[in-house]
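Letter by letter, the chains look like this.
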Amino acid sequence: VEYRHAPRADHTALSPGAVLVSAPGHPAFPVRLGLELLGRCLDHLAPAGPVTVWDPCCGSGALLTAMALGWRDRLRAVAASDVDPEPLALARRNLALLSAEGLAERATELSRLEQLHGKESHRAAAQAAAGLAAGLASKGGDLPAVVEPVDALDPAACATFARRVRPDVVITDVPYGEQTQWTTTHGTAGSPDALVASLASALDPHAVIAVVAQDRKVRLSDGTGVLERFRSGHRAGVIVRAGARQPSGR
Ligand SMILES: C[S@@+](CC[C@H](N)C(=O)[O-])C[C@H]1O[C@@H](n2cnc3c(N)ncnc32)[C@H](O)[C@@H]1O
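One structure accompanies this document, and this report is about it. Being a predicted model, the structure only gives us computed values, none of them experimental.

**Overview of the pairing of strand E2 (residues 75-82)**
Each regular strand displays side chains that alternate between the two surfaces of the sheet.
Part 1: Summarising burial for E2: 7 of the 8 residues are buried, a large majority.
Part 2: Here strand E1 (residues 51-55) pairs with E2 via 5 bridges, running parallel. Across the sheet, residue Thr 52 finds its bridge partner in E2, namely Ala 77.
Part 3: You can see the chain leave E1, run along helix H2 (residues 62-70) and come back into E2, and the turn it takes is right-handed.
Part 4: Note: E2 against strand E3 (residues 145-149), 5 bridges, orientation parallel. Residue pairing in the sheet places Ser 81 in a bridge with Glu 148 of E3.

Below, the structure written as structure tokens:
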């Protein structure tokens, strides 16, 4: 992938395990790639006012939180959902970092840990939390966040959620079949194509959907108009407009 929006930089402050929390079994997504992806999606919406971003397979919410902290000045709100309610507790903790209060609490927690264990990593993370708080304040302040369980393969559940949240951009990192699996109550076999179909049916036609998978290519049904494709290491991604996957005349 050619980085047009996310210059090479030290992204430790946004990486899981420092200020953002992580847990075993929740695959980490490269911060720089996440920032680049949202930048590209914003380009496809231009000219646009503040936008709402939804991650419908959010897991720990780390990807969405990092993207939101990086792009705060272009956002109105974020929404996180996952079929599995278990990681949503982590997602709530991470998305709480999109507020001055959440970042201050996390900085205090990290300082306490530093006093307890004398670890340099905790001291650096506490400092990073303070830096993120200053950045958030200068780029628009607290960002509203919604976190809920939703089966993204269920078009009706997506439609109900999207009607309320009104996402302009959907960005997600789908299950790879190693640490995380597709699950659904809807009877549809999980795949990026099934996900795009379900999401597109729920979104405004102008909304933009970016899906990343650990694969050589994200396969979509023949005839799906694609805005862009990209590769990064062992991941592949695709960006499509929701309307390109909706029955014509909608
Ligand atoms: C690769 S992980 C996402 C990791 C995430 N980007 C993070 O930062 O933690 C994929 C997620 O998809 C979720 N998932 C599986 N089937 C789903 C479905 N039908 N609807 C919504 N989420 C689903 C899994 O529970 C898992 O949390």
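**A word on unusual backbone geometry**
Part 1: The residue Arg 166 is not glycine, and still its phi comes out positive at about 50 degrees.
Part 2: By the secondary structure assignment, Arg 166 is in the loop between helix H6 (155-165) and strand E4 (169-173).
Part 3: The exposed category is assigned to Arg 166, whose relative accessible area is 52%.

**Here we look at the site of the ligand**
Part 1: The full set close to the ligand counts 23 residues, and Ser 60, Asp 82, Asp 151, Ala 152 and Thr 183 are the nearest of them.
Part 2: The separation between an oxygen atom of the ligand and a polar main-chain atom of Ala 62 is 3.5 Å.
Part 3: Here a nitrogen atom of the ligand and a side-chain polar atom of Asp 151 are 2.9 Å apart.
Part 4: In isolation the ligand exposes 610 Å². Once the protein is present, 97% of that is buried.
Part 5: Of the residues that constitute the shell around the ligand, the class distribution is 13 nonpolar, 6 polar and 4 charged.

**Some points on the packing of helix H1 (residues 31-45) against H2**
The axes of two packed helices give the description: the angle between them and the distance between them.
Part 1: As a packed pair, H1 and H2 sit with axes 9 Å apart at the nearest point and diverge in direction by 60 degrees. In terms of orientation, H1 lies oblique with respect to H2. As H1 packs across H2, the resulting crossing turns out to be right-handed. Two secondary-structure elements touch here, H1 through Val 31, Gly 34, Leu 35 and Leu 38 and H2 through Leu 63, Ala 66, Met 67 and Gly 70.

**Some thoughts on the pattern of salt bridges**
Part 1: A complete count under the given rule lists 10 salt bridges for this structure.
Part 2: Between Arg 106 and Glu 109 there is a salt bridge; the shortest N-O distance is 3.1 Å. Here Glu 109 and Arg 106 lie together in helix H4 (residues 100-117), a separation of 3 residues that amounts to about one turn.
Part 3: Assessed through its relative accessible area of 11%, Arg 106 is described here as buried.
Part 4: According to the relative accessible area criterion, Glu 109 is partly exposed, its value standing at 31%.
Part 5: Asp 193 is the salt-bridge partner of Arg 245, the closest N and O atoms lying 2.8 Å from each other. Of this pair, Arg 245 sits in the segment after strand E7 (235-241) while Asp 193 is found in helix H7 (residues 192-202), placing the two residues 52 residues apart along the sequence.
Part 6: The structure contains a network of salt bridges with shared partners spanning Arg 4, Glu 36, Arg 40 and Glu 228.

**Looking at the nonpolar core**
Proteins that are soluble and globular tend to have nonpolar side chains buried together.
Part 1: Core analysis: the largest hydrophobic core is formed by 48 residues, its most contacted members being Leu 38, Leu 75 and Val 78.
Part 2: Ranked by the residues each element gives to this core, the list is headed by H1, at 8 residues.
Part 3: Sequence-distant contacts of Leu 75, that is, excluding residues within four places in its chain, are made with Leu 38, Pro 50, Val 51, Val 53, Ala 68 and Leu 143.
Part 4: If you look at the next biggest cluster of nonpolar residues, it comprises 30 residues, including Val 165, Ala 200, Val 211 and Ala 213.

**A look at the sheet that holds strand E6 (residues 228-232)**
Part 1: With respect to topology, 7 strands assemble into an open sheet ordered E3-E2-E1-E4-E5-E7-E6, the strand pairing being mixed. Since the sheet does not close on itself, it has two edges, and those belong to E3 and E6, each with one partner. When the angles between neighbouring strand axes are averaged without regard to direction, this sheet yields 15 degrees.
Part 2: The sheet contact formed by E1 and E4 spans 2 bridges and is parallel. In the sheet register, Val 53 faces E4, and the bridge partner there is Val 169.
Part 3: Against the sheet, H1 touches E1, E2, E4, strand E5 (208-213), E6 and E7, its axis set at about 20 degrees to E7.
Part 4: Its contacts with the sheet place H2 against E1, E2 and E4, and it is angled at close to 175 degrees to E2.

Basis of the calculations
- Residues numbered from 1 in each chain as written.
- Predicted model: local features only at pLDDT ≥ 70, side-chain atom pairs only at ≥ 80, totals over all residues.
- Heavy atoms only, no water.
- Buried < 20%, exposed > 50% of the residue type's maximum accessible area, 1.4 Å probe, protein only.
- Helix = DSSP H or I, 4+ residues; strand = E, 2+ residues; numbered from the N terminus.
- Pairing = 2+ DSSP bridges.
- Right-handed = clockwise from strand over helix to strand, strands pointing away.
- Near = heavy atom within 4 Å.
- Polar contact = N/O pair within 3.5 Å; in protein donor to acceptor, adjacent residues only side chain to side chain.
- Areas by Shrake-Rupley, 256 points an atom, 1.4 Å probe, with all protein chains shown as cover.
- Nonpolar A, V, L, I, M, F, W, Y, C, P; charged D, E, K, R; others polar.
- Axes fitted to C-alpha atoms, helices over the stretch in contact; angles between N-to-C directions.
- Parallel < 35°, antiparallel > 145°, perpendicular 65-115°, else oblique.
- Left-handed = near helix turned anticlockwise from the far one by under 90°.
- Contact = heavy atoms within 4.5 Å.
- Salt bridge = Lys/Arg side-chain N within 4 Å of Asp/Glu carboxyl O.
- Core = buried A, V, L, I, M, F, W, Y, C linked by side-chain atoms within 4.5 Å.

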